Structure formats: C-alpha cells, structure tokens
Amino acid sequence: MSKVNLEKSWYNQLQDEFQKPYMLELKKFLLSENQSGKKIYPKCDQYFKAMNCIEFDKVKVVILGQDPYHQANQAHGLSFSVPAGITIPPSLVNIYKELKTDLNIEPAKHGCLEYWAKQGVLLLNSVLTVVDSTPGAHRDRGWEQFTDKIIEKLNNNLENIVFILWGSYAQNKGKHINQQKHYIIKSVHPSPLSSYRGFFGHKPFSKTNNYLESNGIRSIDWILPD
C-alpha cells in the first residue's frame with residue numbers, strides 16, 4: 001500500500017482515506033504481518049481489484065461479501081470469485097444453482113466472476129485481506145471502515161445501483177443505503193449452512209436486470225464465458 005494500485009476515478013473518491021489514522025495503522029499492521037512471514041491473501045496488487053475492474057461512476061450492482069477466501073490460490077480480490085482452474089467454492093456453487101433457476105443459465109465450469117465485474121458488478125468484500133487458513137484474521141483492523149466509505153460514496157454520489165445483500169453481515173453493512181435512490185435485494189447467505197432457508201428462489205439476477213432496464217440502464221449479461 002506504499003504505492004496505491006487503485007483506478008483513477010476510485011482514487012479521486014477515496015484518496016483522503018489513505019492519510020487517515022486508521023488506514024496508516026492498517027498499513028503498518030499489514031507490513032508487520034508480511035514481515036513475520038505470514039501468507040496474506042490475495043496478493044497485494046489485487047487488494048483493490050474489485051474497484052480496478054470498473055470505473056466508479058460505471059458501477060451498476062454491488063454484491064457484498066465478508067472476507068477473502070483463505071486457502072492458497074483462491075482469493076483474487078473479487079467477492080465470491082476464484083481464479084479459473086480453482087475448485088468452485090460451495091457458496092458460489094449455490095449462486096450458480098440460483099442463476100440456473102432464475103434465468104436458466106447453465107453453471108460455468110470455472111469460478112472466475114471477472115466478466116461480471118467488468119460490466120459494472122462491484123464484487124466487494126468488507127475485509128480485503130486474510131491470512132492463510134485463518135478466516136477473519138484481518139477483521140477489525142480498518143478494512144471495514146474503508147469499505148464502509150466505498151459504500152457511502154456510491155450511495156451518496158450515484159443513483160439506481162442494485163445492492164445485493166446476502167446474509168445478516170452484508171445486510172447490516174448496507175443498512176444506511178438510501179432506498180429512495182437505490183434498489184436493495186436481500187436474502188440469507190448462499191453458504192450451504194443457510195442457503196435452503198431462503199436463498200434459493202429469491203431471483204436476484206432477474207430482479208437486478210428488471211430494475212436496471214426499468215431505469216434505462218443496460219442489464220448485466222450473467223452468462224460467464226468459458
């Protein structure tokens with residue numbers, strides 16, 4: 001983070017955050033974790049990948065996650081996504097199942113959601129780093145404040161964004177979103193532990209596209225290319 005790898009339009013919105021005490025403390029913490037030999041995911045040049053895939057004012061949809069995946073080669077800066085060639089995680093398997101039910105789109109053979117991101121789907125985790133095999137290792141270190149600021153900027157400066165909030169954690173993080181300006185879709189989390197309590201059948205993909213189109217915004221092509 002000594003040289004912030006952040007797309008220009010996002011940097012213009014967020015540059016003041018990088019000089020605030022909480023972010024300076026976060027930087028020191030990450031350096032210390034690195035120097036102690038801990039494996040941190042994703043790679044440092046992917047911390048801000050969710051924003052680097054799309055300009056600030058081109059965001060159409062936000063899908064909020066919690067932590068990055070904590071096993072080797074999984075996390076690459078996009079919530080719920082893994083690089084092509086990596087086993088598709090259970091939550092994403094369930095997202096694909098709902099996509100099939102909702103829009104009759106066959107599940108992709110890979111778990112890389114970058115195609116969605118480049119169309120304006122901000123795949124944002126609340127915490128942007130994690131330690132190998134240690135879920136939640138970097139919670140309450142400052143990332144949450146930074147990602148709250150991202151949501152605040154989107155909420156205040158843009159209109160007609162669809163916020164997809166899966167699970168109580170995401171719903172609590174999005175509790176200040178202005179529902180007069182934006183559209184919120186809520187359900188339980190797609191994790192196998194909760195998905196059968198309301199995730200399946202809530203049709204987030206068709207609802208998203210219907211809302212976008214009704215506001216004159218190009219819909220999302222949810223079919224992931226091979």
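You'll find the structure just up there.
Throughout what follows, the structure given in this document is the object of discussion. (Residues numbered from 1 in each chain as written. Predicted model: local features only at pLDDT ≥ 70, side-chain atom pairs only at ≥ 80, totals over all residues. Heavy atoms only, no water.)

As for the environment of I185
Positionally, I185 belongs in strand β6 (residues 183–187). In this structure I185 comes out as buried when scored by relative accessible area, which is 3%. Along the backbone, I185 and K149 are 36 residues apart, and their C-alpha atoms lie at a distance of 20 Å. The residues contacting I185, other than those within four sequence positions of it, are V162, F163, I164, L165, H202, P204, K207 and T208. (Helix = DSSP H or I, 4+ residues; strand = E, 2+ residues; numbered from the N terminus. Buried < 20%, exposed > 50% of the residue type's maximum accessible area, 1.4 Å probe, protein only. Contact = heavy atoms within 4.5 Å.)

Quick notes on the nonpolar core
Ranked by internal contacts, the top residues of the largest apolar core, which has 64 residues, are W10, M51, L122, W143, F146 and L154. Setting aside anything within four residues of it in sequence, one finds L122 in contact with W10, A50, M51, V59, V61, V62, I63, I150 and L154. (Core = buried A, V, L, I, M, F, W, Y, C linked by side-chain atoms within 4.5 Å.)

What to know about the sheet that holds strand β5 (residues 162–166)
Spatially, four strands are ordered β3-β2-β5-β6 in an open sheet, and the strand pairing comes out parallel. Only two strands of the sheet have a single neighbouring strand rather than two, namely β3 (121–125) and β6. On average, each strand axis in the sheet is inclined to that of its neighbour by 20 degrees, with strand direction left out of account. Across three bridges, the pairing between strand β2 (residues 61–65) and β5 is parallel. Residue pairing for β5: V61 is matched across the bridge by V162. Each of β2, β3 and β5 is contacted by helix α6 (residues 143–157), which is oriented at about 150 degrees to β3, the strand it contacts most. (Pairing = 2+ DSSP bridges. Axes fitted to C-alpha atoms, helices over the stretch in contact; angles between N-to-C directions.)

What to know about the packing of helix α4 (residues 90–103) against helix α8 (residues 204–214)
Contact pair α4 / α8: the axes reach a minimum separation of 7 Å and the direction vectors enclose 60 degrees. Accordingly, the angle class assigned to the pair α4 and α8 is oblique. For the pair α4 and α8, the contacting residues are I95, E98, L99, D102 and L103 in the first and P204, F205 and S206 in the second. When grouped by side-chain class, the residues that make up the contact of α4 with α8 number five nonpolar, one polar and two charged. (Parallel < 35°, antiparallel > 145°, perpendicular 65-115°, else oblique. Nonpolar A, V, L, I, M, F, W, Y, C, P; charged D, E, K, R; others polar.)

Comments concerning the packing of aromatic side chains
Summed over the entire model, instances satisfying the criterion amount to 17 aromatic pairs. A ring pair is formed by W10 and F56, whose centres lie 5.1 Å apart and whose planes are at 85 degrees; its orientation type is edge-to-face. Note that W10 is positioned in helix α1 (residues 8–14) and F56 in the loop between α3 (49–52) and β2, a separation of 46 residues in sequence. Consider the rings of Y47 and W143, whose centres lie 6.0 Å apart with planes at 80 degrees: the pair is edge-to-face. Of this pair, Y47 sits in the loop between β1 (40–41) and α3 while W143 is found in helix α6, placing the two residues 96 residues apart along the sequence. In this pair, the class of Y47 matches that of W143, namely buried. (Phe/Tyr/Trp six-rings, centres within 6.5 Å; stacked < 30°, edge-to-face > 60°.)

What to know about helix α2 (residues 21–35)
If you check α2, its first and last C-alpha atoms are 21 Å apart, about what 15 residues at 1.5 Å a residue would give, namely 21 Å. Packed against the buried residues of α2 are β1, β4 (130–131) and α6. (Expected span 1.5 Å × (residues − 1).)

Remember, this is a structural readout, not a statement about activity or role.
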